[in-house]
Amino acid sequence: MKFENCYFFTGTGYAGKSTLVKRLAEKYGGIACEENYHDVLLDTLDKKEFPNLCYTRDLRDWHDFVRRSPDEYENWIRNVSKECETLELRILKDLIPKGKKIFVDTNISVETLRKISDDRHVLVMLADPEITVKRFFEREDREKQFLYRLIMEEKEPRKALENFRHCLERVNSPEIYDAFLHCGFPVLLRDENRTPEQTAELAETILDL
């Protein structure tokens with residue numbers, strides 16, 4: 001099945017995907033599927049089918065989340081992405097009949113995107129891996145600030161923060177960056193000197209909107 005009225009934005013963290021999705025949806029009167037839009041289905045998920053997404057849903061002590069090793073964190077992120085892809089495809093199939101353009105900050109893999117879309121409907125957005133890790137807690141994002149508070153509550157906050165940064169480095173590695181960079185879809189690199197409006201205009205040109 002081809003998702004012809006969908007525009008997918010994938011890549012690394014801190015690249016501006018959700019901001020762009022929201023801006024383009026507003027301009028074109030479309031539907032914005034922003035970061036973690038699959039969360040609308042979270043309460044209905046079967047733990048056996050979606051164990052990794054249900055891990056956070058059912059977590060009682062969130063300090064356990066920030067205490068995980070880089071190996072555990074990387075494995076969880078990888079499996080969460082697979083489960084998110086399943087949910088995203090379900091949601092998008094229901095949205096397509098509405099006939100509007102759909103702009104998606106997606107977890108769908110590059111391999112799957114090649115099957116359901118084309119290079120006029122997929123944009124890879126990348127930020128330097130080092131920036132992604134260093135600025136993770138600079139955002140006013142409620143979830144990220146919540147995690148930071150948890151880390152600061154640990155017996156040894158400095159060690160806890162260092163451990164979590166190693167986790168972030170693992171899932172924002174140069175290898176992952178390079179894989180996106182050379183995946184074959186159009187790429188837009190984060191530029192601190194470019195305004196959100198300019199980024200949107202450039203994306204529109206690349207995607208032929």
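Note: the structure precedes this text.
Figured I'd write up the structure that's included with this text. Bear in mind that the values here come from a model prediction, so they are computed numbers and not experimental data.

Two elements in contact, helix α1 (residues 17–28) and helix α10 (residues 196–207), have axes whose closest approach is 10 Å; the angle formed by their N-to-C orientations is 70°. The angle between the axes of α1 and α10 places the two elements in the roughly perpendicular class. Contacts between α1 and α10 involve L20, R23, L24, K27 and Y28 from the first element and P196, E197, T199, A200, A203 and E204 from the second.

Attention now moves to the environment of H38. Looking at the element boundaries, H38 is found in the loop between β2 (31–33) and α2 (51–57). As a C-alpha pair, H38 and L87 span 49 residues in sequence and 6.2 Å in three-dimensional space. Excluding residues within four positions of it along the chain, H38 makes contact with L53, C84, L87, I91 and N107.

The next thing to look at is the side chain of T12. Structurally, the position occupied by T12 is in the loop between β1 (6–11) and α1. There is a polar contact of 2.9 Å between the side chain of T12 and the backbone nitrogen of A127.

A few words on empty space enclosed by the protein. By the definition in use, this model includes one cavity of 30 Å³ or more. What the largest cavity holds in volume is close to 30 Å³. Every residue along the wall of the largest cavity is listed here: K2, F3, E4, I116, S117, D118 and H121. Each residue belonging to the lining of the largest cavity can be placed in one class, and the counts come to two nonpolar, two polar and three charged.

Time to look at the pairing of strand β3 (residues 102–105). Going residue by residue along β3, you find I102 and V104 tucked away on one face and F103 and D105 tucked away on the opposite face as well. Relative to β3, β1 runs parallel, the two sharing four bridges. Across the sheet, residue C6 finds its bridge partner in β3, namely I102.

Here we take up the packing of aromatic side chains. Applying the stated criterion across every chain, the model contains 14 aromatic pairs. Look at Y73 and F164: their rings are 5.6 Å apart centre to centre, the planes differ by 70°, and that puts the pair in the edge-to-face class. Within this pair, whereas Y73 is found in helix α4 (residues 70–95), its partner F164 is found in helix α8 (residues 157–171), the two being separated by 91 residues in sequence. Given the relative accessible area of 7%, Y73 is considered buried. Where F137 meets F164, the ring centres are 5.9 Å apart and the plane angle is 35°; that geometry is what we call tilted. Note that F137 is positioned in the loop between α6 (129–134) and α7 (142–152) and F164 in helix α8, a separation of 27 residues in sequence. The same class applies to F137 and to F164, which are both buried. Across from the ring centre of F65, 4.2 Å away, lies the NZ or CZ of R68, which sits over that ring. Residue placement shows R68 over the ring face of W76; its charged tip is 4.6 Å from the ring centre.

The rules behind the values
Residues numbered from 1 in each chain as written. Predicted model: local features only at pLDDT ≥ 70, side-chain atom pairs only at ≥ 80, totals over all residues. Heavy atoms only, no water. Axes fitted to C-alpha atoms, helices over the stretch in contact; angles between N-to-C directions. Helix = DSSP H or I, 4+ residues; strand = E, 2+ residues; numbered from the N terminus. Parallel < 35°, antiparallel > 145°, perpendicular 65-115°, else oblique. Contact = heavy atoms within 4.5 Å. Polar contact = N/O pair within 3.5 Å; in protein donor to acceptor, adjacent residues only side chain to side chain. 1 Å grid on protein atoms, 1.4 Å probe; cavity = no way out; pocket = protein on both sides within 12 Å on 5 of 7 lines; lining within 4 Å. Points joined across faces, edges and corners; volume = space filled by probe spheres on them. Nonpolar A, V, L, I, M, F, W, Y, C, P; charged D, E, K, R; others polar. Buried < 20%, exposed > 50% of the residue type's maximum accessible area, 1.4 Å probe, protein only. Pairing = 2+ DSSP bridges. Phe/Tyr/Trp six-rings, centres within 6.5 Å; stacked < 30°, edge-to-face > 60°. Lys NZ or Arg CZ within 6 Å of the ring centre and 35° of its normal.

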